[in-house]
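Each chain, written out:
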Amino acid sequence: MFTEEKLGQAEKTELDAHLENLLSKAECTKLWTEKILKQTEVLLQPNPNARIEEFVYEKLDRKAPSRMNNPELLGQYMIDAGNEFGPGTAYGNALIKCGETQKRIGTADRELIQTSAINFLTPLRNFIEGDYKTIAKERKLLQNKRLDLDAAKTRLKKAKVAEARAAQLNTSQPEENNFMVNVSYMLNLLHVKWLKIWAEEVTKSEQEVRITQSEFDRQAEITRLLLEGISSTHAHHLRCLNDFVEAQMTYYAQCYQYMLDLQKQLGSFPSTFLSNNNQSSSTPVPSVSAPSVLASASASLPSVSNSVVTSGFSELKSSSGNRKARVLYDYDAANSSELSLLADEVITVYSIPGMDSDWLMGERGNQKGKVPITYLELLN
């Protein structure tokens, strides 16, 4: 199970390949989970000061004060401006409608943040601050056990080397004289004691190696069991990722619907808002309905120009007659000289001398007023 590697005068016990792979996988999981967690927080809350505030309140186990988010704040500004300019004006009315939509988007944004925090960020954070900390703690214990085992092996090796050297001491016969006999006797006595000491040291070191090896193996097994749970963590994070994607899908679908509704409402407003000072309006731009999510748009938009009109409108303007026309888009009259229109209704239109080239007079029963030609389709 183990291989030895020279590192100076110490031995290093290598972990088995499976455990090394598990450790590498855990470290990789921790690294990328931290990056994904941090960047998701940035995505959901771009303001770093707000993130710091939320972090502090979270650590204090207190609820952060509720504040308007960016879409809600923009929406409130638009509504206040619209009321200041006058809800009865085209620009003021449009600002109020846009502001209401922005506030709805802000509410959807809050729901996305709340759902993502519960279903995605919290599980990732729990892994970093919980499961991985436990793994790191057991991994450190394993490292300490390995160092203890390496030290015990080194002491055993040194004891065996010393014992071998003691056994190889010179035991040749001394010269025949009393002094040398006494010296030889003393040396042999010390030699025997030395051998006994190192024999005891070898026995003690061997026992220490067995104990540290057992503790190391036990800690390696504990660490391995924890590391094998990383696969379960990946499966759990996959489910959390699906929840996050669904939350984003719901959020973007809501925003799309809100903006689609807003576009339809704004379709009745001209592109220039000169009605605020009751001046004559130039050619309004009709709204373009948003394409279906499941089908690509291929229809081209109608061209708007103050100098280009269709041949049918040219003929009508050059004559004194009238024609029936179908309304293409809703249009709200900017002042009393204009006639409000509803999409798909049929009205009577005609020209009068001195009228702007982009406008006609329209009649619906007893109601009459100027109407923009870009909102009309002449009928045969």
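Scroll up for the structure.
Quick caveat, the model's predicted, so the values are computed rather than measured. Here the residue numbers are simple positions, counted from 1 along each chain's written sequence. Since the coordinates come from a predicted model, pLDDT governs what is reported: local features require at least 70, and pairs of side-chain atoms require 80 or more to be given and counted, while whole-chain, interface and lining totals use all residues. The basis for every side-chain value is the complete set of heavy atoms in the structure, and neither hydrogens nor water enter the calculation.

The helix and strand tally for the protein stands at 7 helices and 7 strands. Walking the protein from its N terminus toward its C terminus, one meets helices and strands in the order β-β-α-α-α-α-α-α-α-β-β-β-β-β. For the protein, restricting intrachain contacts to residue pairs at least 6 apart in sequence, the fraction spanning at least 24 positions comes to 68%. Note on areas: Shrake-Rupley with a 1.4 Å probe; residue coverage comes only from the protein chains shown. With the model as given, the accessible surface of the protein reaches about 23,800 Å², and the carbon-plus-sulfur share is 55%. Each helix is a run of DSSP H or I of at least 4 residues and each strand a run of E of at least 2, with the numbering of both proceeding from the N terminus. Residues count as neighbours in contact if any of their non-hydrogen atoms are within 4.5 Å of one another.

At least two DSSP bridges between two strands are required for those strands to pair. Pairing in this open sheet of 5 strands is antiparallel, and the strands run S6-S5-S4-S3-S7 from one edge to the other. Both edges of this open sheet fall to strand S6 (367-372) and strand S7 (376-378), since each of them pairs with a single strand only. Averaged over all adjacent pairs, the angle separating strand axes in this sheet is 40 degrees, with direction ignored. Of the pairings in the sheet, the one linking strand S5 (residues 359-364) to S6 comprises 6 bridges and is antiparallel in character. Each bridged residue has a counterpart across the sheet, and for Arg 364 the counterpart in S6 is Gln 367. For helices, the fitted line uses only the C-alpha atoms of the stretch in contact; every axis is such a line through C-alpha atoms, and the angle between N-to-C directions lies from 0 to 180 degrees.

Let's shift gears to the packing of helix H1 (residues 17-44) against helix H6 (residues 230-266). The relative placement of two packed helices comes down to the angle between their axes together with the axis-to-axis distance. Put simply, H1 and H6 touch, their axes get as near as 12 Å, and they point 15 degrees apart. Taken together, the axes of H1 and H6 are roughly parallel relative to one another. Seen along the crossing, H1 lies across H6 with a hand that is left-handed. Facing Lys 25, Ala 26, Thr 29, Thr 33, Thr 40 and Leu 43 of H1, the residues of H6 in contact are Ile 230, Ser 231, His 234, His 237, Phe 244 and Gln 248. Each angle is binned into one of four classes, with values under 35 degrees roughly parallel, values over 145 roughly antiparallel, values of 65 to 115 roughly perpendicular, and all other values oblique. Here is the rule for handedness: rotate from the far helix to the near one, and if that takes an anticlockwise turn smaller than a right angle the crossing is left-handed, while a clockwise turn gives right-handed.

So, about the packing of aromatic side chains. We call Phe, Tyr and Trp rings a pair once their centres come within 6.5 Å, taking the six-membered ring for Trp, and we label the pair stacked below 30 degrees between planes, edge-to-face above 60, and tilted otherwise. For the structure shown, the criterion picks out 6 aromatic pairs. Residues Tyr 251 and Tyr 252 carry aromatic rings whose centres are separated by 5.1 Å and whose planes lie at 65 degrees to one another, so their mutual orientation is edge-to-face. Whether a residue is buried, partly exposed or exposed follows from its accessible area with a 1.4 Å probe, protein chains only, as a fraction of its type maximum: under 20%, in between, or over 50%, in that order. Judged by relative accessible area, which is 12%, Tyr 251 ranks as buried. Residues Tyr 329 and Tyr 375 carry aromatic rings whose centres are separated by 5.7 Å and whose planes lie at 85 degrees to one another, so their mutual orientation is edge-to-face. Taken together, the positions of Tyr 329 in the loop between strand S3 (322-327) and strand S4 (346-350) and Tyr 375 in the loop between S6 and S7 put the pair 46 residues apart, joining distant regions of the chain. For Tyr 375, a relative accessible area of 0% corresponds to the buried category.

Okay, unusual backbone geometry next. For Asp 344, which is not a glycine, the phi torsion comes out positive at approximately 75 degrees. Here Asp 344 lies in the loop between S3 and S4. Overall, Asp 344 belongs to the exposed group, its relative accessible area being 55%.

Below, the discussion takes up the pairing of S3. Examined bridge by bridge, S3 and S4 share 5 bridges and lie antiparallel to one another. By the bridge assignment, Asn 322 is partnered in S4 with Tyr 350. Sheet analysis places S3 next to S7, joined by 3 bridges and oriented antiparallel. By the bridge assignment, Ala 325 is partnered in S7 with Leu 378.

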